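Summary of the model geometry
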Amino acid sequence: LGSGCRTTPAVQATAPAAEAGGVVTLIADGASDYAIVVPDDDAGGRVAKAATLLHDMLKEATGADLPVVAEAKLPAGRGGIFLGNTRAAARAGLDIPALRGWTHRQAVRGRSLFLAGYDAAPESAELRGRDYLGTLKATIAFLEQQAGVRFLLPGPNGVAVPKLARLAVPADLDVVRTPHLRYCVRWLDQTYDVANNQFSPTFYKTYGGHSYYSAVPSAEYAKTHPEYFALIAGVRDAAQNHLCISNPEVQELMLKEMEKQLDKGYEMVQLAQTDGYVPCECPQCRALADEPGERLWIVHRKLAEQMQARRPGKKVVILSYGPTTHPPTTFSRLPANVVVELCNYQQEDFDQWRPFADDFLVYIYNWGSYQTLGFAPKRTPRFAGEQIRFFLQNKVRGIYKCGFGENLGLEGPVYYVYGKMIE
């Protein structure tokens, strides 16, 4: 799960020493001389969310009502649970600004406890509200690991809080953790999602599987440019938004759509054909290759190569789905800027794709009311654990869940296991 980093930097000369026995007691018999300390400048109130949660959970568990104060207002001599990028953390030698993504840290220095992570809005303005809440993640991890709290279901009734007469932490506590997956999409509730690693792909523009609709929308071009759409049975048919992929203007529109998204701040953008794909039958499209899937791979590779020149350092995520399920046969490697998102994800799928790309995402179908079982339970905890282990072994970096959360009562334990296994 990431490294448990133990360090011993210089601490404030005024910091009280840890107790004998190698622990620091925060709360005993409902009383505490600690305060929850937030940075004086808490942009966006992100650390305040962590402070509120910590206050409420500790009060419910122990009965102690710890005040929440800005760092500048911490009374002299009072112990501190410091959240986020505080001045105290810097003085204690903790480089909080170096943390990125969902990496988070719990550390004790002297008698002070530090809980912190990366707290920031995503680069893309359209993702405002799906912030990085690293300090909230650190706080939740502390509550789980040191106080026994469990975030089992969304909402207050889904949180299990044990009663504690005493809350103490190891005097040498220093753990830095990074979840293995960068995202696992489908959101239920902010606290539950952060606790159970249901992270937003704030760096990745996904269209849910199909980018053609946005790149060349039929509502905009059907009348003015019917040649942009697939020739089917002798007619240019824009009804389902299938495209004439050999058309240079269509390819340019695809490139422009990718550029538009990458210029918003995304690191990666999806490139994926229309759902229920129907190939264009024009001579130019047929000349690309015999198989419709191979035609798509030829065009998609060309577009990725052009994006490599237009937006160096950015990634193109190409979907392996429908006619593109299997790897191409006319070439043996995709450009270095390509990430493959697999919709079929057995071991043989990873094995056949590994020569073509270095990075993989998956688009999974474990849940969803469209399944034969509808709203009945569809997976077991054992399945959830084994699938996540399998994905991590195959270097999957992100998961899009096609259906999730439709049956929190009966499937809630499975969702919980799935999320915690990501750690």
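Everything numeric in this text was worked out from a predicted model, so none of it was measured. (Residues numbered from 1 in each chain as written. Predicted model: local features only at pLDDT ≥ 70, side-chain atom pairs only at ≥ 80, totals over all residues. Heavy atoms only, no water.)

1. Side note on the environment of Asn407
Applicable threshold: Every helix listed is a DSSP run of H or I at least four residues long, and every strand listed is a run of E at least two residues long, numbered separately from the N terminus. The contact rule is simple, with two residues in contact once any of their heavy atoms fall within 4.5 Å.
Mapped onto the fold, Asn407 is located in the loop between strand 21 (396-401) and helix 12 (408-421). Between the C-alpha atoms of Asn407 and Gly368, which are 39 residues apart in sequence, the distance is 9.1 Å. In this view, Asn407 contacts Phe375, Ala376, Pro377, Gly412 and Tyr415; residues no more than four positions away in its chain are not counted.

2. Remarks on helix 7 (residues 248-262)
Which entries qualify depends on this criterion: In this analysis, the expected span of each helix is defined as 1.5 Å times one less than the number of residues it contains. A 1.4 Å probe rolled over the protein chains alone gives each residue an accessible area, and that area as a share of the maximum for its type sets the label: buried under 20%, exposed over 50%, partly exposed in between. For the purposes of these results, a polar contact is taken to be a pair of N or O atoms within 3.5 Å, where, inside protein, one atom must be able to donate a hydrogen and its partner to accept one; residues adjacent in sequence count only when each atom of the pair is a side-chain atom.
Between its terminal C-alpha atoms helix 7 stretches 21 Å, which fits the 21 Å expected from 15 residues at 1.5 Å a residue. Along helix 7, the residues classified as buried are Val250, Gln251, Leu253, Met254, Leu255, Glu257, Met258, Glu259, Gln261 and Leu262. Considering only its buried residues, helix 7 is in contact with strand 14 (204-205), helix 5 (212-215), helix 6 (218-221), strand 17 (268-271), helix 9 (292-310) and strand 18 (315-320). The distance from a side-chain oxygen at the start of helix 7 to the backbone nitrogen of Glu249 is 2.8 Å, and the residue carrying that oxygen is Asn247.

3. Let's talk about the packing of aromatic side chains
As a reminder of what qualifies: Pairing of aromatic rings covers Phe, Tyr and Trp, the last through its six-membered ring, and needs centres within 6.5 Å; plane angles under 30 degrees mean stacked, over 60 mean edge-to-face, and all others mean tilted.
Overall, the coordinates contain 19 aromatic pairs when judged by the stated rule. With centroids separated by 5.3 Å and ring planes inclined at 50°, the aromatic side chains of Tyr118 and Tyr132 adopt a geometry described as tilted. Of this pair, Tyr118 sits in the loop between strand 6 (112-117) and strand 7 (119-120) while Tyr132 is found in strand 8 (residues 132-133), placing the two residues 14 residues apart along the sequence. According to the relative accessible area criterion, Tyr132 is buried, its value standing at 11%. Look at Trp367 and Tyr415: their rings are 5.6 Å apart centre to centre, the planes differ by 85°, and that puts the pair in the edge-to-face class. Of this pair, Trp367 sits in the loop between strand 20 (360-364) and helix 11 (381-393) while Tyr415 sits in helix 12; the two residues are 48 residues apart in sequence, bridging distant segments of the chain.

4. Comments concerning the pairing of strand 4 (residues 79-83)
Going by this rule: Two strands qualify as a pair provided that DSSP identifies no fewer than 2 bridges between them.
Counting buried residues along strand 4, five of its five residues qualify, which places the element largely inside the surrounding structure. Alternating residues of strand 4 divide into Gly79, Ile81 and Leu83 and Gly80 and Phe82, and every residue in both groups is buried. In this sheet, strand 6 lies alongside strand 4 in parallel orientation, the contact comprising three bridges. The partner of Leu83 across the bridge, within strand 6, is Leu115.

5. Quick word on the sheet that holds strand 13 (residues 183-185)
Taken in spatial order, the seven strands make up an open sheet running 13-21-20-19-18-17-14, and their pairing is parallel. Two strands bound the open sheet, and with one partner strand each, they are strand 13 and strand 14. Sheet analysis places strand 17 next to strand 18, joined by four bridges and oriented parallel. Bridging across to strand 18, Val269 finds its partner in Val316.

6. A few points about the side chain of His104
Following the sequence through the fold, His104 ends up in strand 5 (residues 104-109). Using a relative accessible area of 4% as the deciding quantity, one classes His104 as buried. Engagement of the side chain of His104 in a polar contact is seen with the backbone oxygen of Trp102, the distance being 2.9 Å. Setting aside chain neighbours within four positions, we find His104 in contact with Ala116, Gly117, Gly134, Lys137, Ala138, Ala141, Val175, Val176, Arg177 and Pro179.

7. Some words on the nonpolar core
Under the convention used in this document: Grouping buried Ala, Val, Leu, Ile, Met, Phe, Trp, Tyr and Cys residues that are joined through side-chain atoms within 4.5 Å yields what is termed a nonpolar core.
With 62 residues, the main nonpolar core has Phe391 and Ile399 as its most contacted residues. Not counting chain neighbours up to four residues away, the residues in contact with Ile399 comprise Leu181, Tyr183, Cys184, Val185, Val362, Ile364, Ile388, Phe391 and Tyr418. Listed in part, the 54 residues of the second largest apolar core include Val24, Met57, Ala147 and Val149.

8. Here we look at the packing of helix 7 against helix 9
How two helices pack is summed up by the angle between their axes together with the distance between the axes. Short version of the rule: Think of each axis as a best-fit line through the C-alpha atoms, taken over the contacting stretch in the case of a helix, with angles from 0 to 180 degrees between the N-to-C directions. Each angle receives one of four descriptions, namely roughly parallel if under 35 degrees, roughly antiparallel if over 145, roughly perpendicular if within 65 to 115, and oblique otherwise. Crossings are sorted by hand: turned counterclockwise from the far helix by less than a right angle, the near helix makes the crossing left-handed, and turned clockwise it makes it right-handed. Residue type decides the class: Asp, Glu, Lys and Arg count as charged, Ala, Val, Leu, Ile, Met, Phe, Trp, Tyr, Cys and Pro as nonpolar, and the leftover types, Gly among them, as polar.
Where helix 7 meets helix 9, the axes come as close as 10 Å, and the angle between the chain directions of the two elements is 45°. The orientation of helix 7 with respect to helix 9, classified from their angle, is oblique. Once helix 7 is placed against helix 9, the crossing between them reads as right-handed. Between helix 7 and helix 9, the contacting residues are Gln251, Glu252, Met254, Leu255, Met258, Glu259 and Leu262 on the first element and Val299, Lys302, Leu303, Gln306, Met307 and Arg310 on the second. Broken down by class, the residue content of the contact of helix 7 with helix 9 amounts to seven nonpolar, two polar and four charged.

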